[in-house]
Amino acid sequence: MELDPESLPVRERYALMIASILPRPIAWVSTISPEGITNLAPFSFFTGITANPMSVCFAPVNNREGVPKDSLVNAKATKQFVVNLANEDNAEKMNETSAAWPYGVSEFEKAGLTPVPSLRVKPPRVKESPLHMECELLQIVTLSEGPLGGHLVIGKVVHFHCDDAVWNKGKLRHQDLKAIGRMEGMWYAKTQDAFELPRPEIDMTMCDKLGKETK
Ligand SMILES: Cc1cc2nc3c(=O)[nH]c(=O)nc-3n(C[C@H](O)[C@H](O)[C@H](O)COP(=O)(O)O)c2cc1C
């Protein structure tokens, strides 16, 4: 099968993307409106960018009517957000917070989740998550406006929290965090079936200055 994405309806492109880019980590993003109302929603178009500065990004897409996600509106207005880790223990609550409540309704309340004050930013953290990254907005890159228009929200992590129960002296273990990944359709992946693969090492004594093999 050969496909030109431009020849497909946007929904089919989306279906192909979520079935091809997987498993995707989930940023469970808390924000706050200028009026002080909290908001919480999951985003799996999410990744870390670099450790210098420690930075992450997620991609809220406008709905079919072109209305931007509340998380985007709040991040734009207040320039802050928190990424909470979604895992096996909070998966169902995380999913509940993806419901399209109108702007101004707090998913913390709707899903019965506990907001905990952050240390460096105004949006609260989710107590039911073991790991939180408090972020200051660096940039919003808008790829397209209107229906299903996409934005990349980039943030600098200004504070990092980890529950003592999983901290393990800074050597975080996937066996303890029990993170989940988003797959195609309504499928999720667990991360307990992991395997190790050491990185290849090159013997530099076998190479000359130009990097060519000498033997
Ligand atoms: C696991 C999961 C991942 C999601 N990932 C995204 C995403 O990457 N981008 C997006 O726009 N919506 C995504 N959604 C849908 C949003 O969570 C949903 O539209 C939500 O209502 C947005 O809330 P907000 O308007 O309060 O920001 C995802 C939903 C789930 C359950």
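The coordinates are above.
Residues numbered from 1 in each chain as written. Predicted model: local features only at pLDDT ≥ 70, side-chain atom pairs only at ≥ 80, totals over all residues.

1. Structural notes on the overall build of the chain
Inference 1: Counting its secondary structure elements, the chain contains six helices and 12 strands.
Inference 2: Projected onto the principal axes, the alpha-carbon positions of the chain cover approximately 70 × 50 × 30 Å.
Inference 3: In the chain, which comprises 215 residues, the share counted as buried stands at 28%.
Inference 4: Taking as baseline every contact in the chain between residues at least 6 positions apart, the subset at least 24 positions apart corresponds to 63%. (Helix = DSSP H or I, 4+ residues; strand = E, 2+ residues; numbered from the N terminus. Buried ≥ 20, exposed ≤ 12 C-beta atoms within 10 Å, placed from the backbone. Contact = placed C-beta atoms within 7 Å.)

2. Some points on the sheet that holds strand β5 (residues 54–58)
Inference 1: Spatially, the seven strands line up as an open sheet ordered β3-β2-β6-β9-β10-β5-β4, and their pairing is antiparallel. In this open sheet, the two edge strands, each paired with only one partner strand, are β3 (38–43) and β4 (46–51). When the angles between neighbouring strand axes are averaged without regard to direction, this sheet yields 30°.
Inference 2: Bridging between strand β2 (residues 27–32) and β3 involves six bridges; their strand directions are antiparallel. The residue of β3 that forms the bridge with A27 is F43.
Inference 3: Docked against the sheet, helix α2 (residues 70–78) engages β2, β3, β6 (80–85), β9 (131–142) and β10 (151–162), running at close to 55° with respect to β2. (Pairing = 2+ DSSP bridges. Axes fitted to C-alpha atoms, helices over the stretch in contact; angles between N-to-C directions.)

3. Structural notes on unusual backbone geometry
Inference 1: In this chain, L22 is followed by P23 through a cis amide linkage whose omega measures -5°.
Inference 2: Note that P23 resides in the loop between α1 (10–20) and β1 (24–25).
Inference 3: Put simply, N52 and P53 share a cis peptide bond, and its omega is 5°.
Inference 4: Here the phi dihedral of K79 falls at roughly 65°; this positive angle occurs in a residue that is not glycine.
Inference 5: Considering the arrangement of structural elements, one finds K79 in the loop between α2 and β6.
Inference 6: Phi at K178 is positive, roughly 50°, even though this residue is not glycine.
Inference 7: Here K178 shows up in the loop between α6 (174–177) and β11 (180–182).

4. Looking at the site of the ligand
Inference 1: What surrounds the ligand is a group of 17 residues, the closest being A41, F45, K69, D70 and S71.
Inference 2: Listed by contribution, the elements that provide at least two residues to the shell around the ligand are β3 and α2.
Inference 3: The element best represented in the shell around the ligand is β3, accounting for four residues.
Inference 4: Residues of the shell around the ligand, tallied by class, amount to nine nonpolar, five polar and three charged. (Near = placed C-beta within 6 Å. Nonpolar A, V, L, I, M, F, W, Y, C, P; charged D, E, K, R; others polar.)

5. Brief notes about the sheet that holds strand β12 (residues 188–190)
Inference 1: Strand order in this open sheet of three strands is β1-β11-β12, and the pairing throughout is antiparallel. Each edge of the open sheet carries a strand with a single partner, namely β1 and β12.
Inference 2: Here three bridges tie β11 to β12, and the two strands are oriented antiparallel to one another. Across the sheet, the residue bridging to G181 is A189, located in β12.

6. Overview of the nonpolar core
Inference 1: Judged by nonpolar contacts, the single largest core of 29 residues is most densely connected at I26, A27, W28, V29, F58, V83 and C135.
Inference 2: A per-element tally of this core places β6 first, with four residues.
Inference 3: Leaving out residues up to four positions away in the same chain, I26 has contacts with P42, S44, F46, A86, M94, I180 and R182. (Core = buried A, V, L, I, M, F, W, Y, C linked by C-beta atoms within 7 Å.)

7. A short note on the pairing of β9
Inference 1: Note that β6 and β9 share five bridges and pair antiparallel. Looking at β9, one finds that V83 is bridged to M133.
Inference 2: Of the pairings in the sheet, the one linking β9 to β10 comprises 11 bridges and is antiparallel in character. Directly across from C135, in β10, lies its bridge partner V157.

8. So, the pairing of β4
Inference 1: Judged from the five bridges that link them, β4 and β5 form a sheet pairing that is antiparallel. Bridge pairing in β5 links F46 to F58.
Inference 2: Two successive antiparallel strands, β4 and β5, enclose a turn made up of two residues.

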